[in-house]
Amino acid sequence: MKSHLKSIIWENRKLHIIDQTLLPTSLTSIPIDTLEDAEEAIKLLKIRGAPALGIFAGFALVAIVINKKPKDISEAIEILNFSASVIKKTRPTAVNLFWAIDRILKVAHGSFHKSLDSLIFEIEQEALNIYQEEITACKQIGIYGNTLITNPTTVLTHCNAGALATGEYGTALSPIYIAAEEGKKVHVFADETRPLLQGARLTTWELKYAGIPVTLICDNMAGHVMKLKKVDMVIIGADRIAKNGDTANKIGTYSLSILAKYHGIPFYVSAPSSTFDLNTSDGTQIPIEERNPEEISFFNNKRNAPEDVLIYNPAFDITPAENITAFITEKGIIYPPFEENIANIIGK
Ligand code: MRU
């Protein structure tokens, strides 16, 4: 298998990302130097996927401060506070974004009495820690998840929860990568993931890059495929997991969980601890991002709905805990009862 893609590159104190809106036709990396660059990259989904948003936000804050060249430490803290408040408003659902920003701010505020150079050094170290921790977590998720994968196996996944969306191995795709490294035969069905096609554009591209067999289907084919083809398991990622196990993930995940339950197919959610939000009691408390209606009314710059039609475009939905077989995390596989086991395993 080829080495894993790096969607975020931090080198010589410069931040670059793969512009995911250009995939699969162009693999282009772009610089992120300013707050405006960072804000636009998140809002337009040039960078996306919950863990990647956290990693990105950490490095972006460091890059913004460095490029602004503050004259002293209090100006640096002001820039950080302001940038953090703007970045926190970009996308509401993935908790990793808020988690990573708060980690950087905590280190910055704790370095207030130090020199400007030490402040920058320390927030850079914290961003690197976040990055390294997520890479390690993703690989460990794969190692645990691989124990659930028989040989051969067919897995159905939704959206993109692979290397592009995280650190290296991904979350939902990590068990698949580890199984393939071990020589297991894994075939993936990837939902295309309307309206922004993360499955079609990113997951199939990423799996092909890694040499893993993948079949692309439209979202509305999942039930048919489960009925007629052998789908052994569904593995998806997550944007936020509440205390009781209710899970926010890309729109369409909820329907998939019902289909899986109906067909008796195990439904796994793969996610690092940073995606669990133990301050949110259940799915009703998770904010769901609503996006521009034009993502639905236009396709390839061509209008495909009448101008005045009402459009509803939620980017995520909530899968109730009862539809989930288990969570695959870097701390182990968590089975029901979820509230108790999540508190014991993730809460520590
Ligand atoms: O809108 P996106 O592309 O950021 O949504 C991404 C997802 O829903 C992913 O499944 C989730 O963030 C997990 S990524 C490991």
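This is a predicted model, so every value here is computed, not measured. (Residues numbered from 1 in each chain as written. Predicted model: local features only at pLDDT ≥ 70, side-chain atom pairs only at ≥ 80, totals over all residues. Heavy atoms only, no water.)

By nearness alone, 19 residues border the ligand, and Arg48, Arg91, Asp239, Asn249 and Lys250 come closest of all. Here an oxygen atom of the ligand sits 2.8 Å away from a polar atom, N or O, in the main chain of Ala50. In this structure, an oxygen atom belonging to the ligand sits 2.9 Å away from a side-chain N or O atom of Gln198. Within the complex, 100% of the 410 Å² of free accessible area of the ligand lies under protein. Looking at the shell around the ligand, the elements with two or more residues in it are helix H2 (50–68) and strand S9 (247–250). (Near = heavy atom within 4 Å. Polar contact = N/O pair within 3.5 Å; in protein donor to acceptor, adjacent residues only side chain to side chain. Areas by Shrake-Rupley, 256 points an atom, 1.4 Å probe, with all protein chains shown as cover. Helix = DSSP H or I, 4+ residues; strand = E, 2+ residues; numbered from the N terminus.)

This part covers the domain arrangement of the protein chain. Here the protein chain is partitioned into domain 1 (8–138) and domain 2 (140–345). Relative to domain 2, the C-alpha centre of domain 1 lies at a distance of 25 Å. Every contact between the two is made by 27 residues of domain 1 and, on the other side, 37 residues of domain 2. The largest per-residue losses of area from domain 1 upon contact with domain 2 belong to Arg48, Thr93 and Cys138, which jointly make up 27% of the total buried on that side. The tally of links between domain 1 and domain 2 comes to 1 salt bridge. Among the salt bridges present, the one from Glu289 reaches Arg91, with a minimum N-O distance of 2.8 Å. Inspection of the region where domain 1 meets domain 2 yields 22 residue pairs in polar contact (both at pLDDT 80 or more). At the level of secondary structure, the elements contributing two or more residues to the side of domain 1 that touches domain 2 comprise H2, helix H4 (95–110) and helix H5 (116–146). Tallying contributions element by element places H5 first for the side of domain 1 that touches domain 2, with 5 residues. When its residues are assigned to classes, the side of domain 1 that touches domain 2 shows 17 nonpolar, 6 polar and 4 charged. (Domains from an automatic or database assignment. Contact = heavy atoms within 4.5 Å. Buried area = accessible area lost by both parts, 1.4 Å probe. Salt bridge = Lys/Arg side-chain N within 4 Å of Asp/Glu carboxyl O. Nonpolar A, V, L, I, M, F, W, Y, C, P; charged D, E, K, R; others polar.)

Counting residues in hydrophobic clusters, the biggest one holds 47 residues, and the most contacted among them are Ile8, Leu15, Ile47, Phe56 and Ile87. Counting residues per element, the ones that place at least two in this core are strand S1 (8–11), strand S2 (14–18), strand S3 (29–32), helix H1 (35–43), H2, helix H3 (73–88), H4 and H5. If one sorts the elements of this core by residue count, H2 sits on top with 13 residues. Those residues within four positions of Ile8 in sequence are excluded, and the remaining contacts are Leu15, His16, Ile17, Ile47, Ala52, Ile55, Phe56, Phe59 and Tyr131. By size, the runner-up hydrophobic cluster in this structure holds 25 residues, among which are Met226, Val231, Leu256 and Phe327. (Core = buried A, V, L, I, M, F, W, Y, C linked by side-chain atoms within 4.5 Å. Buried < 20%, exposed > 50% of the residue type's maximum accessible area, 1.4 Å probe, protein only.)

Below, the discussion takes up the state of the cysteines. Considering all chains together, one arrives at 0 disulfides under this definition. Looking at Cys218, it has no disulfide partner, and the nearest cysteine sulfur is the one in Cys159, 15 Å off. Given a relative accessible area of 26%, Cys218 falls into the partly exposed group. (Disulfide = S-S within 2.5 Å.)

Take the pairing of strand S5 (residues 186–191) next. Summarising burial for S5: 5 of the 6 residues are buried, a large majority. Summarising the sheet, strand S4 (residues 153–157) and S5 pair through 5 bridges and their orientation is parallel. Considered in S5, the bridge of Thr157 is made with Ala190. One crossover worth recording links S4 to the parallel S5 by way of helix H6 (residues 174–181), and it is right-handed. With helix H7 (residues 198–210) bridging S5 and the parallel strand S6 (residues 214–217), this β-α-β connection has right-handed handedness. (Pairing = 2+ DSSP bridges. Right-handed = clockwise from strand over helix to strand, strands pointing away.)

Before going further, it helps to spend a moment on the pairing of strand S15 (residues 326–329). Side chains of S15 alternate between two faces, with Ala326 and Ile328 and Phe327 and Thr329 buried alike. In this sheet, S15 lies alongside strand S10 (residues 267–270) in parallel orientation, the contact comprising 3 bridges. Within S15, the residue paired with Tyr268 across the bridge is Ala326. Judged from the 3 bridges that link them, S15 and strand S16 (residues 332–334) form a sheet pairing that is antiparallel. What sits directly across from Ile328, in S16, is Ile333. In this structure, the hairpin formed by S15 and S16 is closed by a connection of 2 residues.

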